[in-house]
Amino acid sequence: MPAALKKVLGKLKPGSRSTPASDDESGITSPTASNGVPVGARNSTEFKHNGVAVDIGDSRSDINQIPPKTDSPRGSGIFSRRNESPGRHAALPTRAGSTKARSGSLSHGAAASPIRAVKEKLHIGDSSDDDVPLNRDGEPMSKNQLRKLEKQAEVEQRKKETEEKEREIERRRQEMAEQAERELTPEQKAKYGNIHPNSYAGDLVHEDRVLIKNLTAKDVGKEVIFRARIHHLRKMSAKFVFFVFRQQVATIQGVLLEHGDISKYMVYWAEHLSAETIVLVKGVLQEPQSRQGEVIGATIHDVEVAIHGLHVEAAVTEHMPFNVFEAETTQTEENEAIEKHQDHHHAKVTDRTRLHNRVLDLRTTTSQAIFRIQSGICHFFRKQLDSEGFVEIHTPKLQGGASESGASVFKVQYFGRGAFLAQSPQLPKQMAISADFGKVYEIGPVFRAENSNTYRHLTEYTGLDLEMQIEEHYHEVLRTLDRTFKGIFQGIYDNYREEIELVKRQFPHEDLVWLEETPIIPFAQAVRWLNESGWRDEDGNELPENEDLGTRDEIQLGKVIKEKLGTDYYVLDKFPRNARPFYAMPDPYNPEVTNAFDIFVRGQEILSGGQRIHDSKMLLDNMARLRMDPQTMEEYIQAFQWGAPPHGGGGIGLERILMLMLNLGNIRHASMFFRDPKSLPEKPIIKQLRHPEASTMHPPWEGKDRAAAGIDFQPVEKLIANYGDATNTSWLEPRTEIWRDEFTGAAVGFVPVDGFAITVGDPLCHESQLVKTITGYLRYIKKDRGLKPLWLLVNQVVEETLATKFNWRTFSVVAEQRVDPAHNPALNDSEIQKKIRKAEREGVKITDYPIGSPPPEEMRQKVDERVQDWLNNRKGKQVHLTNIRPWQDMEHRQYHIAVNGDGLIVAFVAMAQLSPDHGWQVKYSLDFPNAPGGAIEYIVTHALKVVAQGGATTVTFGGGASSKFTPGHNVKGARVKVLSKAYKAIATELKLTNKTEFREKLGATDDPSYICYPPHGLGPLAVKAILNFFGDESQEE
């Protein structure tokens, strides 16, 4: 291994205190004491949860304690249910007729190369062929046939073991159910089971249901009935199961103990229920029986429920990307666990994963609290304005014109005519004032078609708007809004303290500070304060007093005002005219400013308001100045032409005030089902496949049992032509194993290397099947094979799926380098064209072999000889994904062969047909020794012309190394620096970017490919496995 590369890996060496290994790889070897117990191992009588030591000497303790070891098939993970699979060992034929167990690792003296390991296992290379298995023609099997036989034996053995395990589980369940049916009394059977979905229209029983949050120690001894979700469950023994039940923000511990009418069959059934299952619980409240005298792992500490009846009302039938407990883990708790080197069963769920699985995230106590507070804001807004004589109105959201000249609008078709979604209820509010309603308010949706992907913008939000007549001064509106805000603030802090504290666990912050007399600061004065503090714009200049402030300026101003006045809440008045919409009333003494104001919280605007123009002539003049068409607002203008009183108002963004009050950091957390520019993604279109008979949406066995019908899986070669990209063609290499989805036939290719499953390329299936395919594959890799998954060279859709649905970390150091063959810049590149003309002058001619017409055997032999010349001529260490096998999958190959005037083959291109989305791949492009200059440019540009003539719109040269490390999802901070530094050293040592630079000259553009790994999954051993995978020196060429 080159010295520079060893140096890079040395810095990432496991066991270093300064750079600890990932959780998946740390502790692979541990020092042991004389008694064989690992040094530093935790005593079996102590368990630490969230940093708190808990004594578990008493077997009757709460759910946060470690249970005694049992022989149950269920694992004893603290808040998860494990289903450990035994190691898989495939029985394979060998020369001696015996069997050998295949190891999942190449360590302990085994060959570093998977190919070499296979050779050793099959004794390939021995002098005698007497005991080699025979093929169907009665001849000794070739190396490839032996490899296929090994793989087939492994697949069959794993399949057999999996089926046996499933049969055993089902047999056990059936056995327990039959025994229960025979042995239990009707009363015992009635204590557990599933409630039929259509059981809610019969006779009313009038059972009193309780709310968990209301239960206290005073209720000990009471019989209770409640509906809840299973938050966690934990088997302590064959007769004893702990539960935590959750109702919204409250949780209580439940205990199920075999005794009396609580049978062992009920306990067995209950322990196999899934977290998040909705159950109906009947039981008796009792004091906690743990040594602590209270329950630590629930919000109700002083009482628990002894379960006497348990019935499922709604079961979990689909995989969940995370559970509620994981989503409630705070960053502080995660950091503490890492610092203390604690074993933790989960990583902190990222915002992206939360927001893409919104229903699960909304179940957390934090989200439950956020939206209860949101409801409270609306309540106190209504309460304050109702007390001041306002009338609540509801205005239309379809309008014929834009309500604000400077804001973008969503255009919609309205029976063949154009219309807009309302940017605010501004115009209808003013029309209501003209209709003599006096004071009005509304809570409703607002739409803004602004392509702002920021933490503080939404395309649809909830507006809290009001409008009122002015008697003497427009500050009457300002004072009304001020009283309303303070009523909201005080009401929330007085009535939602418990919810606020729950939110602070996930989003730490200080309570809002406001003054009894709210500061009203002229806009120009605020700008002067900013300039006096030393703040400057991005060009280093002082801020002008007649232009609106940017977001960063507003946030800085908030800091200045907090320091100067000691408040988070204040008003800026007299905004410049050019920063306000057409209906803002100008100041009577300075027409360059307006009677308009903004209200701020923590340095960010939460309301815009002011006096409106109520004179029709002034309004029309202002619209003419801004070049607005009055005809699009005819109904609005008419309301003022008929006479309207002086009036003003303002609009509050509900989500923004909620975000700022609670310091949520991202406005999407304040919107139950947020809408931003990336929402409502386009549904994937099902294109015509190259091989419709090999579809995964409609597999050949659709409607039948595939195995029973004796129908084979779709050939991988056809799946590549239907769904594949360039990387998928590497799956045809002998070292690659293919996992198949039993129901759809979807495929994923991987190579076991040093205990890792190096998975390369996108799953071969329709895009809508990605989540289920990935879920099934990962379950197989981890449970059946006992390997650690790493996923390399996937497209953005797969990367997004792994990041958002599975909480994986992602980054890019590779890109598919694509060109549009019909618009290839190389055709107009003077340097390339000069080389092509030189090759033509030297007599180079190209012969094409389209799909369906492969080169004759004689020509293939000549190409093979020249390929060998090329291999012999290579120098230096090679980093490669596939070896050169030109005649693989000729059904989907197109060939171009260049010869010189003497008939010598000088260059060769093989084009691989990919999916309709990805077009073609330049699978191999080789210029052989002694080829004239320009031969490779000539043949590659010619091949691109040929596929363009066939209608291709995209061609890839395959993956090439990027010049830098680019973080994707869930990778940030110090991890980025470490990975970036390591990649730079590796790329420099192995000269990874040389090929990329050459391809760019041919007009290729980068389409990023991603490397993805699970949380804590990319440590030094994983990096080494990847390098071994790409650069294994012992592989055959």
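Scroll up to find the structure.
Notes on the structure follow. (Residues numbered from 1 in each chain as written. Predicted model: local features only at pLDDT ≥ 70, side-chain atom pairs only at ≥ 80, totals over all residues. Heavy atoms only, no water.)

1. Some words on the sheet that holds strand 15 (residues 520-522)
Then comes step 1: The strand order 9-13-14-19-18-17-16-15 describes an open sheet built from 8 strands, whose pairing is mixed. The outermost strands of the open sheet, each flanked by one partner alone, are strand 9 (391-392) and strand 15.
Then comes step 2: As judged from the 9 bridges shared by strand 13 (residues 439-447) and strand 14 (residues 460-469), these two strands associate in the antiparallel manner. Looking across to strand 14, one finds that Val 440 is bridged to Glu 467.
Then comes step 3: Its contacts with the sheet put helix 14 (residues 523-532) on strand 15 and strand 16 (569-573), and the angle it makes with strand 15 is roughly 80 degrees. (Pairing = 2+ DSSP bridges. Helix = DSSP H or I, 4+ residues; strand = E, 2+ residues; numbered from the N terminus. Contact = heavy atoms within 4.5 Å. Axes fitted to C-alpha atoms, helices over the stretch in contact; angles between N-to-C directions.)

2. Considerations on helix 5 (residues 264-271)
Then comes step 1: For helix 5, the tally of buried residues reaches 7 of 8 residues, placing the bulk of the element in the interior.
Then comes step 2: For helix 5, the set of buried residues is Tyr 265, Met 266, Val 267, Tyr 268, Trp 269, Ala 270 and Glu 271.
Then comes step 3: In this structure, the buried residues of helix 5 make contact with helix 3 (143-183), strand 3 (192-194), strand 4 (223-237), strand 5 (240-247), strand 6 (250-257) and strand 8 (304-314). (Buried < 20%, exposed > 50% of the residue type's maximum accessible area, 1.4 Å probe, protein only.)

3. What to know about the pairing of strand 20 (residues 737-740)
Then comes step 1: Summarising the sheet, strand 20 and strand 21 (residues 747-753) pair through 4 bridges and their orientation is antiparallel. Along strand 21, the bridge assignment pairs Trp 739 with Val 748.

4. Things to note about the sheet that holds strand 30 (residues 1005-1013)
Then comes step 1: With mixed pairing, the 11 strands of this open sheet are ordered in space as 20-21-22-23-30-24-29-28-27-26-25. Looking at the sheet topology across the chains shown, the edges are occupied by strand 20 and strand 25 (845-849). Direction aside, neighbouring strands of the sheet carry axes that sit 30 degrees apart on average.
Then comes step 2: The pairing of strand 26 (residues 893-899) with strand 27 (residues 905-913) spans 7 bridges and is classified as antiparallel. Opposite Ala 898, over in strand 27, you have Ala 907 as the bridge partner.
Then comes step 3: In the packing of helix 21 (residues 770-784) onto the sheet, the strands contacted are strand 20, strand 21, strand 22 (756-760) and strand 23 (788-794), and the crossing angle to strand 23 comes to about 140 degrees.

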